[in-house]
Amino acid sequence: MCGIAALQLRNPSLHPRMGSLLSSMLCQIVDRGPDSAGLAVYDTPGLVSDGTSTVSLLGKHHGMEIDGILTSLNDMLSPDARSTVKIIGDTTLISAAVPTALLVKAVGETLPASTIIGRGEHVAVMKGVGHPMDIAAHHGLESMAGSQGLSHTRMATESAVTASGSHPFSVADDLCLVHNGSFSNHATVRRNLEREGVVFDSDNDTEVGARYIASRLQQGDTLEEALINLGKVLDGFYTLVVTTADSMAVVRDPIACKPAILAETEDYVAMASEYRALAALPGIERARIFEPEPGKVYTWSL
Amino acid sequence: MAALGLRESATFDRATIADIQRAAATGVYDIRGWGAKRRVPHFDDLLFLGASMSRYPLEGYREKCDTDVVLGDRHASKPLHLQIPVTIAGMSFGALSANAKEALGRGASEVGTSTTTGDGGMTPEERGQSRHLVYQYLPSRYGMNPDDLRKADAIEIVLGQGAKPGGGGMLLGQKITERVAGMRTLPVGIDQRSASRHPDWTGPDDLEIKIGELREITDWKTPIYVKIGASRPYYDTALAVKAGADVVVVDGMQGGTAATQQVFIENVGIPTLAAIPQAVQALQELGVHRKVQLIVSGCIRTGADVAKAMALGADAVAIGTAALIALGDNDPRYAAEYAALGSAPGFYDDFQDGRDPAGITTQDPELASRLDPIAGGRRLANYLRVLTMEAQTIARACGKSHLHNLEPEDLVALTIEASAMARVPLAGTSWIPGAGQGTL
Amino acid sequence: MVTLMAPDATAPTSDSSTDVRPGSDAGDTTTDLDTASVRDLNQALHDSVGAASWTVTKPGGKHSLAVGITADVDVTIEGHAGYYAAGMLQKGRVTINGNAGVGLAENIMSGTVHVRGDASQSAAATGHGGLVVIDGNAGARCGISMKGVDIVVGGNIGHMSAFMAQAGRLVVCGDAGDALGDSIYEARIYVRGSVASLGADCIEKPMRAEHLEELGALLAAAGRSEDPSDFRRYGSARNLYHFHVDNSTAY
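Residues numbered from 1 in each chain as written. Chains lettered and ligands numbered in written order. Predicted model: local features only at pLDDT ≥ 70, side-chain atom pairs only at ≥ 80, totals over all residues. Heavy atoms only, no water.

Asks: Can you tell me about the environment of V296 of chain B, naming the residues and giving the values?
Replies: Residues and elements named next belong to chain B. By the element assignment, V296 lies in strand β14 (residues 293–297). Separated by 23 residues in the primary sequence, V296 and L273 place their C-alpha atoms 9.7 Å from one another. Apart from residues no more than four positions distant in its own chain, V296 is found in contact with V250, T272, I276, A314, A316, V317 and A318. (Helix = DSSP H or I, 4+ residues; strand = E, 2+ residues; numbered from the N terminus. Contact = heavy atoms within 4.5 Å.)

Encoded structure:
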């Protein structure tokens, strides 16, 4: 049970304002989920860069000094990978000029107790427990540039209030998913995925949705197909937003109780749980404002 | 039969066989009133540890043992202050006769406690006779009226009922008289169905906004309760608190109903005993136990039940079925009439049917006139006084000068099941099954 | 063991002395919600004795705007409103020059609500009386459990509209979504465009002279110019009024 705000900026001249716009949206959905929050930002200078992979880790302490982490990565990946470690708020970002899977493996072996919350060449993911605006400020969202951003405030229903239970769930390269609602058969879908070898990080029902989509994408589904298949497998109530390196998708379950509202202009597509989160966007008075139809998958590409 | 050497099946007992025969004959599920009739772990499986040497008892009848309770002072400027912690649960005009509703109001008011409307709106009779009236706000919104909302002393947003968590209500055509139909904007004599979800919000994030609207309409004066049917009370209590409730009402599976599918009554929800510790745990973890009050209902019959619920952490209890029995439900003097309906005193549960010989669960004017609201109110007041005195007797014996000071450590359990559910030790041991392994 | 966060437990306070400014004419008041709170606005409206007009600026999609009005006032909201705008209206007129969120005019008893843009889901839910006009589209569950309210929608309506509708009239100038009028009781539905599907027990019924007349009056009250003869009428087949084995799949 939660609040969602997501933004895809089609007009590059708005990219420098991504963080401040997303922050203004996030501020309006805090009441829907005051427990914890998460953020995903795409193509943010200083966090990710072209030609390198970045892994986002939950927390800033991993039982090893930064120098030790770098030494281990250099040993595994070679110094040519130009590995870096950055601490942003409560999040650790590790980058290297190697394929993402290789970096994920090296980070996993270097810091086996850490939780990877984001991975890819474009995305950085940040999470925390507490007031969502504090989490955003702590990570410096306001001044971040970027092409897309996704934020989520959480009122935990049946799983723990922990940073690892916060959305977005990012379980495949540059893929993020946030969810408002509650799946009613997630335990069964989780068991089926586990039988196929999928490993979970949390007890959260949304992670099941994210892992399911990742599994479908791996099997060759397009994003739209994966979301249509999700609707056939996962039961219950949901509004979902999914982002990838270059696209954003929104879907609601066929009963469509959980709110969602979209604003679309030539410059951006914005999605939020409530209109008030859209109210401060530039040119909102000229935007096409609409609610997604039940059961229909909407996708937009950069 | 036994004398003939016949053997009854424990699986296909006579009630089960009758159910199958009835289903085959009618093609429709059985609908009845009352609550769960199956045996479940219960307050009867708990005992109090009276004081002797290590703790000192209070002198019965002389030393004070207070019983009052304040409900809803978290956000509302006008909380309820009740003289006793036993309230009357929501029961609709429609399910009950106007006389029965009036009697409940009279009895509750006489002893300084609250009564509650039901699905179908507030009648002038019950408002007039109830000093403290809680107005239920239900998915159907039958008879829902902002004037009545503002007249209420508290608003109870109903998400569910112990008899049927996740289900909507129903009221069969026999009871949809002209007045009932008029109050609910329905055609006379139809079988009324009620929605299981509220029409304009779903989930705690939206409930928070709905509570905000109700507070704005009542200018932040009126306490707002959230009532849940016990199934996942730990999560649901926490979410009710987060959504802004002043009071959480948890109704266990034994809680009564006027008309529900039998399969629902007997197979959905968890026992009251199991629900209380979970709700209390959520309140404690949020730091709001005793600040957001907890009302427990579902199978409260005696002062011992009241005291046990409070010792486990409830601030107050609510009674429904027991209040109807106090008014005269299942009275042996109507034995012949119960027999004519195929039932007997002590067994009658066809509240849906509208032919209640005691004149309580009916809209038939002739039957309803059998219940004198003044005499009925007096009987209810007597019963409420007895419940209170019984609870005080136990509390004094445990050395408490207020019922609220009863605590789980005053209790032990007789069975392993009750011990695990109530989270109090098995009598004579320090063992609580499951303790230390993570309760949730 | 699951650890929970402590809840935020603060009630807003009203300070209407500074933020709600009556105009020079005592009957004309402007409330700017950039500076005034929703509490200020509603308290002032509740304290109003009527025959006044109010303008609400910078609503910003806030919730519970102009709820619980009992006096004969005119309220104009200049912008988009959040959940439950004009909820439980009993008197007067509320105009929203923008979109409305979930549960617009829920449980309206009387009076008029006019939305110039779109309305979200559950518009006029459980309304007992009065008139709700939506110039644009309405989302899912429009008129759910309506109990006497009249609703006129200029555009389309979403799925499950008029679910369990008990009384009143729902007029749709555009198209209706799936499961229109499911489990409907005595409410009447008029649709000018297409109906994606009818819900259980909802059927098309003939348009007779009295229906054309009724519809014409509703369209006129909503300020619309559609021709009543372009509409079709839907209502209850009344097959679900009594539990019956033959209807078991419809419950």
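Asks: Give me the lowdown on the sheet that holds strand β11 (residues 236–243) of chain A, citing residues and values where you can.
Replies: Hydrogen bonds along the backbone pair up the strands of a sheet, which may run parallel or antiparallel. Residues and elements named next belong to chain A. The 5 strands are arranged β9-β10-β11-β12-β16 in an open sheet whose pairing can be described as antiparallel. Two strands in the sheet have a free side with no partner beyond their single neighbour: β9 (169–172) and β16 (298–301). Sheet twist, expressed as the average angle between the axes of neighbouring strands with direction ignored, equals 20 degrees. In terms of strand pairing, strand β10 (residues 175–183) meets β11 through 8 bridges, oriented antiparallel. If you follow N180 over to β11, its bridge partner there is T239. (Pairing = 2+ DSSP bridges. Axes fitted to C-alpha atoms, helices over the stretch in contact; angles between N-to-C directions.)

Asks: Break down the pattern of salt bridges for me, with residues and values.
Replies: Residues and elements named next belong to chain C. Inspection of the entire model under this criterion finds 63 salt bridges over all chains. Across the pair R93 and D72 runs a salt bridge whose closest N-O atoms are separated by 3.1 Å. Linking R93 in strand β5 (residues 93–96) with D72 in the loop between β3 (53–57) and β4 (74–78), this pair joins segments that are 21 residues apart in sequence. In this structure D72 comes out as partly exposed when scored by relative accessible area, which is 34%. (Salt bridge = Lys/Arg side-chain N within 4 Å of Asp/Glu carboxyl O. Buried < 20%, exposed > 50% of the residue type's maximum accessible area, 1.4 Å probe, protein only.)

Asks: Can you lay out the interface of chain C and chain A for me, pointing to particular residues and giving the numbers?
Replies: On the side of chain A, 21 residues touch chain C, which itself brings 16 residues to the contact. A combined buried area of about 1300 Å² lies between chain C and chain A, and 53% of that area is made up of carbon and sulfur atoms. Applying the counting rule to chain C against chain A returns 10 residue pairs in polar contact (both at pLDDT 80 or more). Class assignment of the residues belonging to the side of chain C that touches chain A gives a composition of 4 nonpolar, 10 polar and 2 charged. (Buried area = accessible area lost by both parts, 1.4 Å probe. Polar contact = N/O pair within 3.5 Å; in protein donor to acceptor, adjacent residues only side chain to side chain. Nonpolar A, V, L, I, M, F, W, Y, C, P; charged D, E, K, R; others polar.)

Asks: Tell me about the sheet that holds strand β3 (residues 53–58) of chain A, and name the residues and values.
Replies: Residues and elements named next belong to chain A. If you trace the 4 strands from one edge of the open sheet to the other, you get β4-β5-β3-β6, paired in antiparallel fashion. At either end of the open sheet lies a strand with only one pairing partner, and these are β4 (84–88) and β6 (116–120). Between one strand axis and the next, the sheet turns by 20 degrees as a mean value, whatever way the strands run. Strand direction decides the pairing type here: β4 and strand β5 (residues 91–96), joined by 5 bridges, are antiparallel. Considered in β5, the bridge of V85 is made with I94. Each of β4 and β5 touches helix α2 (residues 66–77); the most contacted strand, β4, lies at about 145 degrees to it.

Asks: Please give an account of helix α6 (residues 205–218) of chain A that cites residues and values.
Replies: Residues and elements named next belong to chain A. For α6, built from 14 residues, the straight-helix expectation of 20 Å at 1.5 Å per residue is met to within 8% by its first-to-last C-alpha distance of 20 Å. Buried within α6 are the following residues: D205, T206, E207, V208, G209, A210, R211, Y212, I213, A214 and S215. Among the structural elements, β9, β10, α5 (186–195), α7 (223–233) and β11 are those in contact with the buried residues of α6. Sitting at the amino-terminal end of α6 is N204, which places a side-chain oxygen 2.5 Å from the backbone nitrogen of T206. Remark: G220 follows α6 within two positions and exhibits a positive phi of approximately 105 degrees. (Expected span 1.5 Å × (residues − 1).)

Asks: Describe the UniProt feature "domain: Glutamine amidotransferase type-2" (unreviewed entry) in chain A, listing the residues and the values that go with them.
Replies: The positions UniProt marks with the feature "domain: Glutamine amidotransferase type-2" (unreviewed entry) are residues 2–302 of chain A. Across residues 2–302 of chain A, the secondary structure splits into 25% helix and 31% strand, with the terminal C-alpha atoms separated by 26 Å. (UniProt positions renumbered as here; feature names shortened; annotations may be inferred.)

Asks: Help me get a handle on the side chain of Q192 of chain B, residues and values and all.
Replies: With respect to the element layout, Q192 of chain B can be found in strand β10 (residues 192–193). Within the structure, the side chain of Q192 of chain B is placed 2.5 Å from the side chain of R184 of chain B, a separation counted as a polar contact. Contacts of Q192 of chain B, omitting those with residues within four sequence positions, involve Y142, G169, M170, L171, I176, R184 and L186 of chain B together with Y185 of chain C.

Asks: Tell me what's going on with the pairing of β5 of chain A, and back it up with residues and numbers.
Replies: Strand residues, when the strand is regular, have side chains that alternate between the two faces of the sheet. Residue and element names in this part refer to chain A. Where burial is concerned, most of β5 is hidden: 6 out of the 6 residues are buried. Residue alternation in β5 divides its side chains into two sets, T91, L93 and S95 and T92, I94 and A96, and both sets are buried. Note: β3 against β5, 6 bridges, orientation antiparallel. Looking at the pairing, S56 lines up with L93 of β5. Hairpin geometry of β4 and β5 is characterised by an intervening segment of 2 residues between the two adjacent antiparallel strands and by a positive phi of about 60 degrees at G89.

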